Amino acid sequence: MPRQRRKTPADPNFEREAQKYDNPIPSREFILGLLQEADNPLSYDEIAERLKIDDEDRLEALRRRLKAMERDGQALCNRRGAYLPVNQEDLIRGRVIGHPDGFGFLVPDEQDDDLFLSPKQMRGVFHGDRVLARVMGVDRRGRREGGIVEVLEHNTTQVVGRLKIEDGVGILTPDNKRITHDILVPPDGLGEAEDDQIVVVRIRESASRTARLRGDVQEVLGEHMAPGMEIDIAIRAHALPHEWPDEVTAAADELGAEVAEADKKDRLDLREKPFVTIDGDDARDFDDALYCEPEGKGWRLWVAIADVSHYVQRDAALDREARTRGTSVYFPNNVIPMLPEALSNGLCSLNPNVDRLSMICEMEIGARGALKSYRFHEGLIRSHARLIYEDVAAMLDGDAAQREQNAHVMPNLETLHQAFKALHAARNRRGAIDFDTTETKIVFGEDRKIEKIVPTVRNDAHRLVEECMIMANVAAARFLKKHKVPALYRIHDQPPSDKIDDLRDFLNGAGLSLGGGDEPSPADYTEVLKAARQRTDQQLIQTVLLRSLSQAVYAPELDGHFGLALDDYAHFTSPIRRYPDLLVHRGIRHVLRKGSGKAFPYSHGDMEQLGEHCSMAERRADDATRDAVAWLKAEYMQDKVGETFPGVVSGVTGFGLFVEIKDVYIEGLVHVTSLDNDFYHFDPARHSLTGERGGRVFRIGDELQVQVARVSLDDRKIDLALAQEAGQPSPAAPPTKKHSRRSKRRKDADAAPVAAAAEPTAAAPEPEAKPTAAGPEAPAADDDAPAPKKKRRRRGGRRRGAAGGDTSPAAEPSPAKEPSSEKEPSPGNEASPGNEASPGNEASPGNEASPGNEASPGNEASPGNEASPGNERTRGSGRGRGNARRPRNAPDEGNSDAPEPGNEAVPPPRPEADKDGNTIVEPSADRPAKAKESSGSGRGRSRRRRPSSS
């Protein structure tokens, strides 16, 4: 009897697939149902046969869909090439977060607790890979331990690092410390690379996850200390797209250098109005221009934004590349633009005295600064002047020479200034949070070496532009909401309840209180800032407030902006350098041309995916910029080892103090082992270190004299030590009283473990402290003493083992954000009008648990979240004297007590305001400080330094 052909039921989602594809195939849901009903795994051919797919195009579409389902963890392909559905109850999909100590964490795609991954599990995966894992058990800390079942998507195909060649074989040490695999480069893969060069290696496919990783040199970047190397490394270490495909450059060249006459038709012509651009002196791309005129008791404000959406069409080559990049990346003295320079600095940029297409937001501002009405236009403008902040501030302050030089735009500037005063007063009334911070700028000398780091001063010109941008962003959000257009909004959620509780505990101890009950408002935060303004601990209070905030992200839900105290907020004003702004422009243009939001080509689901991608691109850009700046600052401090500087404590952790050097604006770590002879207890609630015996307390804001002890360029770390204070003896000073060797041994046998800096014994003068991996540390007391003669050990006697001193973790400098030519924040790290993102809430760098998310104090659970100072989990950190005296064990790869990823202490962030009212907060450093051990030598029991966790 002939075999009957299996009848295929209809796909209930066929209509949806037909709208999206010309040659639709069965939906994912239908294919999953087919796999679940099958008695055994189905091969690709069997699936195609059951779905009755036989033409070449649809077979290729099916192959791609199965690969995508495998990548997304919906199906598994076994060793025989057959597909089976994933049992969601047993397997967990997520992204891997690597840790410099070799272990890692899996951040599930769904809202769930993270899985701890042992070094053995991490052996075949990289930081950022997407995997399927199952729960293997629970460790003694109550965390779930995971085992990787399948790698869904590799995040890393090439690695940048320093190449060492021995006997013709290369070993690459990755620059990214979250990648702990050393990669073998066989002789046939070395190419032209030489020993000790910085190279890019492409990873070869391996037969199994446990096999040794091998690779081939793909690119030689140059010598280790070559000028500009820090940017080349950062670009490749963070996989920043930086090369333009040929089709993109060709598309940009086709557009020409000037606006075509045909493009000027059917636009609102405002070329006669004296629009001006106000930017930094090093800006090259001009997104926005301003014009204002009095109207009744208020003002009519015009904000013209470069009309990028006219030139960058959806799904064209320019759009695909812009979407991939997500944002421009601003390095010190360099930029990787989101669009080719022919557009970003040319055709789209609102350069002076040339016609430019623009999207114009026309707003009516009331006498008290309220937004009374708004309209959007496709317009045509001509900028009448290219002004810089400092010149505008001088004009507004009455500088006669500047006013005369720019007389043709002075009436516009005066009116803008009046409108700004009303807008700023309205901002204060609604309680927007404004942090008092210092921004810095790196000044380069010859050969791209840092000459100096200088503070930048925010003046009324910065604030004027900022308030105008905020109003335009609010109008854009309201316009899209009114017409129900799917869009990306800028979301800054309320602080999480656990952070609010921690903040209240801290403020209560400081004699302050935060109003608002379970949901404090921005005005409640502002009241605390006002109350702290005249206090000596103002900086500490501001830092703790900052770290309690959530991180701002892009999402299609309009949930408001907590820091700015606004219900409606989107990014509209920088489409040249931010992809979300370009999407907002497309939504506005669609309504202007179609009359409604219907038939907009983007769905809510599309916006969700784009929001996640753009948020990731922001964090990626910030991470890369931070790495480059940290390299530059470490290089700047290399020739200053041994010098003494005044500093201010900027962060306190269980293993030491982060100190910012005054007038240099560079931070380093004073490790706890280099402090006075005492046990130090860390109080995370009060952000303090307190000496148990001497009672000395270190807190954020304390002023200290510090000495540069060590600089590590590879690790971007600067180690500091407290300089000798007047009247205090040096820890290395020899004692005045001598004891016999016998009495010394007797005392050693009876002595308990001592604190961080052990007092010198009498057997031999303790040598001067020498810099170690984390700064100067005195060696064990007997290390340099003459070796006594061996004596026969009596039967039953006990041999005393040598004890070693601890080395301290190197400091992780937290580079101050380098202001770019832009007025708006570098993507991703905003927090309120001055602070959208705080460390610890990012992806803190809303508080997404994804790579790059920065954590704030107490926000330990998210792998990848860089903890602010005070949130590390070092052994015994802040646990009292008993733990401080516990012997320290060597690092164990499988240690389940390993710190949560990213919960390493780093210097506090420095927010930086932009003209949208968003403040950039420096993401916490990606490299945690590690506590290491070194073994001491010498007979008898050497006096051990207090563990760094005390």
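Residues numbered from 1 in each chain as written. Predicted model: local features only at pLDDT ≥ 70, side-chain atom pairs only at ≥ 80, totals over all residues. Heavy atoms only, no water.

## Focus: the overall build of the protein
- Tallying secondary structure elements over the protein gives 21 helices and 40 strands in all.
- Put simply, the protein has 950 residues, and 57% of those count as buried.
- Carbon and sulfur atoms make up 45% of the accessible area of the protein, which amounts to about 40,600 Å² in all. (Helix = DSSP H or I, 4+ residues; strand = E, 2+ residues; numbered from the N terminus. Buried < 20%, exposed > 50% of the residue type's maximum accessible area, 1.4 Å probe, protein only. Areas by Shrake-Rupley, 256 points an atom, 1.4 Å probe, with all protein chains shown as cover.)

## Some details on the side chain of Asp285
- Topologically, Asp285 is positioned in the loop between β15 (276-279) and β16 (288-295).
- Buried charge without a salt bridge: Asp285, with Arg577 as the nearest opposite-charge side chain at an N-O distance of 5.9 Å. (Lys, Arg positive; Asp, Glu negative; His and termini not counted. Salt bridge = Lys/Arg side-chain N within 4 Å of Asp/Glu carboxyl O.)

## Structural notes on the sheet that holds strand β3 (residues 82-85)
- Strand order in the open sheet made by the three strands is β1-β3-β2, with antiparallel pairing throughout. The open sheet has two free edges, formed respectively by β1 (42-43) and β2 (75-77), since each of these has just one partner strand.
- As paired elements, β2 and β3 share three bridges and run antiparallel to each other. Considered in β3, the bridge of Cys77 is made with Tyr83.
- Along the sheet, helix α2 (residues 28-37) contacts β1, β2 and β3; its crossing angle with β3, the most-contacted strand, is approximately 95°. (Pairing = 2+ DSSP bridges. Contact = heavy atoms within 4.5 Å. Axes fitted to C-alpha atoms, helices over the stretch in contact; angles between N-to-C directions.)

## Some remarks on the packing of helix α7 (residues 246-254) against helix α9 (residues 317-325)
- As a packed pair, α7 and α9 sit with axes 8 Å apart at the nearest point and diverge in direction by 120°. In this view, α7 runs oblique relative to α9, as classed from their interaxial angle. In terms of crossing hand, the pair formed by α7 and α9 is left-handed. Residue-level contacts link Glu247, Val248, Ala251 and Ala252 of α7 to Ala317, Leu318, Arg320 and Glu321 of α9. (Parallel < 35°, antiparallel > 145°, perpendicular 65-115°, else oblique. Left-handed = near helix turned anticlockwise from the far one by under 90°.)

## Details of a negative patch on the surface
- Together, Glu166, Asp167, Glu192, Glu194, Asp195 and Glu223 give the surface a local cluster of negative charge.
- Residue position: Glu194 is located in the loop between β11 (183-185) and β12 (197-203). (Patch = residues over 30% accessible without salt bridge, like charges linked within 9 Å, V, L, I, M, F, W, Y side chains within 5 Å. Charge placed at Lys NZ, Arg CZ, Asp CG, Glu CD.)

## What to know about the confidence of the model for the protein
- Averaged over all residues, the pLDDT of the protein equals 77, while 74% of them reach at least 70.
- Every residue in residues 1-7 scores below 50 in pLDDT, and together they form four contacts with partners more than four places removed in sequence or on other chains.
- Confidence drops under a pLDDT of 50 for residues 917-950, and excluding neighbours within four residues, the segment shows 201 contacts in the predicted structure. (pLDDT = per-residue confidence, 0-100.)

## Here we look at helix α6 (residues 229-237)
- In terms of burial, α6 is a largely internal element, eight of the nine residues being buried.
- The set of residues buried in α6 consists of Met229, Glu230, Ile231, Ile233, Ala234, Ile235, Arg236 and Ala237.
- Summarising the contacts, the buried residues of α6 are in contact with β9 (158-166), β12, β13 (215-223), β18 (329-331), β19 (334-336) and α19 (604-637).
- Ala239 occupies a position one or two residues after α6 and carries a positive phi of about 55°.

## Details of the nonpolar core
- Judged by nonpolar contacts, the single largest core of 96 residues is most densely connected at Met363, Leu413 and Phe572.
- The leading source of residues in this core is helix α14 (residues 460-482), at 14 residues.
- Ignoring sequence-local partners within four residues, the contact set of Leu413 consists of Val276, Ile278, Leu387, Val392, Met395 and Leu396.
- Core analysis: the second largest hydrophobic core is formed by 61 residues, Ile198, Trp631, Tyr636 and Ile661 among them. (Core = buried A, V, L, I, M, F, W, Y, C linked by side-chain atoms within 4.5 Å.)

## Comments concerning the pattern of salt bridges
- This structure, assessed with the given rule, holds 52 salt bridges.
- One salt-bridge network, held together by shared partners, links Glu261, Lys264, Asp269, Arg271, Asp355 and Arg382.

## A look at the packing of α6 against α19
- Across the interface, α6 lies against α19 with an axial gap of 9 Å and an inter-helix angle of 150°. Classified by the interaxial angle, the pair formed by α6 and α19 is roughly antiparallel. Remark: the crossing between α6 and α19 carries right-handed chirality. Counted together, Glu230, Ile231, Ile233 and Ala234 of α6 and Ala624, Ala628, Trp631 and Leu632 of α19 form the full contact between these two elements.
- When the residues that make up the contact of α6 with α19 are grouped by side-chain class, the tally is seven nonpolar, no polar and one charged. (Nonpolar A, V, L, I, M, F, W, Y, C, P; charged D, E, K, R; others polar.)

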